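A look at the structure
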Amino acid sequence: MTIHQNLIAGEWVGSEAIKNVNPSNTDDVVGEYARASADDTKAAIAAAKAAFPAWSRSGILERHAILRKTADEIIARKDELGRLLSREEGKTLAEGIGETVRAGQIFDFFAGECLRLAGETLPSVRPNIGVEITREPVGVVGIITPWNFPIAIPAWKIAPALCYGNTVVFKPAELVPGCSWAIVDILVRAGLPKGVLNLVMGKGSVVGQTMLDSPDVHAITFTGSTGTGKRVAAASVEHNRKYQLEMGGKNPFVVLDDADLTVAVEAAVNSAFFSTGQRCTASSRVIVTEGIHDRFVAAVGERLKSVVVDDALKAGTHIGPVVDQSQLKQDTDYIEIGRQEGAKLAFGGELLKRDTPGFYLSPALFTEATNDMRISREEIFGPVAAVIRVKDYEEALAVANDTPFGLSSGIATTSLKHATHFKRNAEAGMVMVNLPTAGVDFHVPFGGRKGSSYGSREQGKYANEFYTTVKTAYTLA
């Protein structure tokens, strides 16, 4: 099997490799991908540093053309790349293709942003002096991405980094290197100069740590666990570098008595269980007022009976497998914790057998949960949700906000009053009304509050806040 190598200073290198295994069928090896060493990572950082002066001063049409070509190829290959994504991560084929299209749209958006780079010209408070405010690239940007969005998250970090004139050292999650390798290959063939983008696949303890230890990495953008995010922050403070963190979530979805039951059920099931619950925006706390509680729980149970858990590539599958054995164990451990805490496992939570060996788990729905239980406090990152009964809207809002996280928050209601109040008072970076808590647009800001995020927002024009630095110049007329 051909080894997919790392890209360092414009050259494909690396011989030691690991297997990328399909979680829907562990007998299926997606490919073999090189594992970078600490020395490889240092070489990648040096290459990015050397390439920065020329790339940071490159013409906007050059950057536009490269990002546009990349967008066009991703979209043209959406079925192929979507299938690759589904094989390596376990999302359904429809989700894999949809995420691939989104990645193409992100590159297309930032191709346009290359042509919209702007500053300000202001009068000084002093006579005969002009003031110019411009944005310039930060320098070498380290990018560390997670396994749950193998093509979209790399896209929404790499595209703005390149758009604004930065050079990149990119470490994807070791569990899902396939889509990341494909994006880098496409960018290289689109004409990206040597050293501007460097791919170093491998262990976080080796590759990631080397990036954190280097004073030549001027900014790091990280999406992943809260624990690792804290290490990124501590190391970045040491080097006085910019850092951006997207971490965990324990997102609430509130259902009020006046909600449209069908809308509420569909939004809750999608929020909690689709993409196997492996989304930082997934809702694993469903907070339901007592007047609709019993009808809602019964309706969710009926809806879950029709949900098909199977091979991600099989037609008719709604939910694919858990990503790997380690994550599956975490999910089942939390299901046992929920039982021990006194919550009632009302539906699912069983390991499933399918035609192919994989990490299959039926969606687990707990009832009679309280907000102080571990299953209501800690991020599980799997198809496990807990229903919390509350008296009224005021208690629902209080419970929703009673969490150390603050990424996404949702409500199902037909009341304009409550919807308006919730949008203003939900302590989250993103709020959804009568929609799943997961599912965002590519051209608007993404990010949270409290323990979920740190730093400026990702996506859309707001990305320039992280990938650029502001310069103010004064000129005597």
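For the structure, check the block above.
Before going into details, it helps to say that this report is about the structure given with it. (Residues numbered from 1 in each chain as written. Predicted model: local features only at pLDDT ≥ 70, side-chain atom pairs only at ≥ 80, totals over all residues. Heavy atoms only, no water.)

**Quick word on the packing of helix 1 (residues 38-56) against helix 7 (residues 204-213)**
The line we're drawing: Fitted lines through C-alpha atoms serve as axes, helices being fitted only where they are in contact, and the angles separating the N-to-C directions of these axes extend from 0 to 180 degrees. Going along the chain from the N terminus, every DSSP run of H or I of four or more residues is numbered as a helix, and every run of E of two or more is numbered as a strand. Roughly parallel covers angles under 35 degrees, roughly antiparallel covers those over 145, roughly perpendicular covers 65 to 115, and oblique covers all other angles. Helix crossings fall into two classes, left-handed where the near helix is turned counterclockwise from the far one by less than a right angle and right-handed where it is turned clockwise. Here, residues are in contact when the closest pair of their heavy atoms is within 4.5 Å. Side-chain classes follow a simple rule in which Ala, Val, Leu, Ile, Met, Phe, Trp, Tyr, Cys and Pro form the nonpolar group, Asp, Glu, Lys and Arg form the charged group, and the remainder, Gly included, forms the polar group.
In the contact formed by helix 1 and helix 7, the axes pass within 9 Å of each other and the chain directions differ by 40°. Taken together, the axis directions place helix 1 and helix 7 in an arrangement best described as oblique. Along this stretch, helix 1 crosses helix 7, giving a crossing that reads as right-handed. Between helix 1 and helix 7, the contacting residues are Ala38, Thr41, Lys42 and Ile45 on the first element and Val206, Val207, Thr210 and Met211 on the second. Within the contact of helix 1 with helix 7, the residues separate by chemical class into five nonpolar, two polar and one charged.

**Brief notes about the sheet that holds strand 7 (residues 129-137)**
Condition: Strand pairing is assigned whenever DSSP identifies at least 2 bridges connecting the two strands.
Read across the open sheet, the three strands follow the order 6-7-23; overall the sheet is antiparallel. Both outer strands of the open sheet, strand 6 (120-123) and strand 23 (468-476), are each paired with one neighbouring strand and no more. The average undirected angle you get between the axes of adjacent strands in this sheet is 25°. As judged from the nine bridges shared by strand 7 and strand 23, these two strands associate in the antiparallel manner. Its bridge partner lying in strand 23, Glu132 is registered against Ala473.

**Thoughts on the packing of aromatic side chains**
Cut-off, in case you're wondering: Aromatic pairing here means that ring centres of Phe, Tyr or Trp (its six-membered ring) are within 6.5 Å. Orientation follows from the plane angle: under 30 degrees is stacked, over 60 is edge-to-face, and everything else is tilted. Categorising residues by exposure relies on relative accessible area from a 1.4 Å probe, with only protein chains included: less than 20% of the type maximum marks a residue as buried, more than 50% marks it as exposed, and the intermediate range marks it as partly exposed.
In total, this model carries eight aromatic pairs according to the counting rule given. Relative to Phe381, the ring of Trp147 lies with its centre 5.4 Å away and its plane at 85°, an arrangement referred to as edge-to-face. Within this pair, whereas Trp147 is found in the loop between strand 8 (140-144) and helix 5 (152-163), its partner Phe381 is found in the loop between helix 12 (374-377) and strand 17 (384-390), the two being separated by 234 residues in sequence. In this structure, Trp147 and Phe381 share a single accessibility class: buried. When the centroid spacing of 4.8 Å and the interplanar angle of 15° are considered together, the rings of Tyr243 and Tyr454 count as stacked. Of this pair, Tyr243 sits in strand 12 (residues 242-246) while Tyr454 sits in strand 22 (residues 453-454), and the two are 211 residues apart along the sequence. For Tyr243, a relative accessible area of 16% translates into the label buried. Assessed through its relative accessible area of 44%, Tyr454 is described here as partly exposed. Feature note: the residues Phe109, Phe110, Tyr164 and Phe442 constitute an aromatic cluster, connected by ring pairs.

Such coordinate-based values are descriptive only and should not be taken to indicate function.
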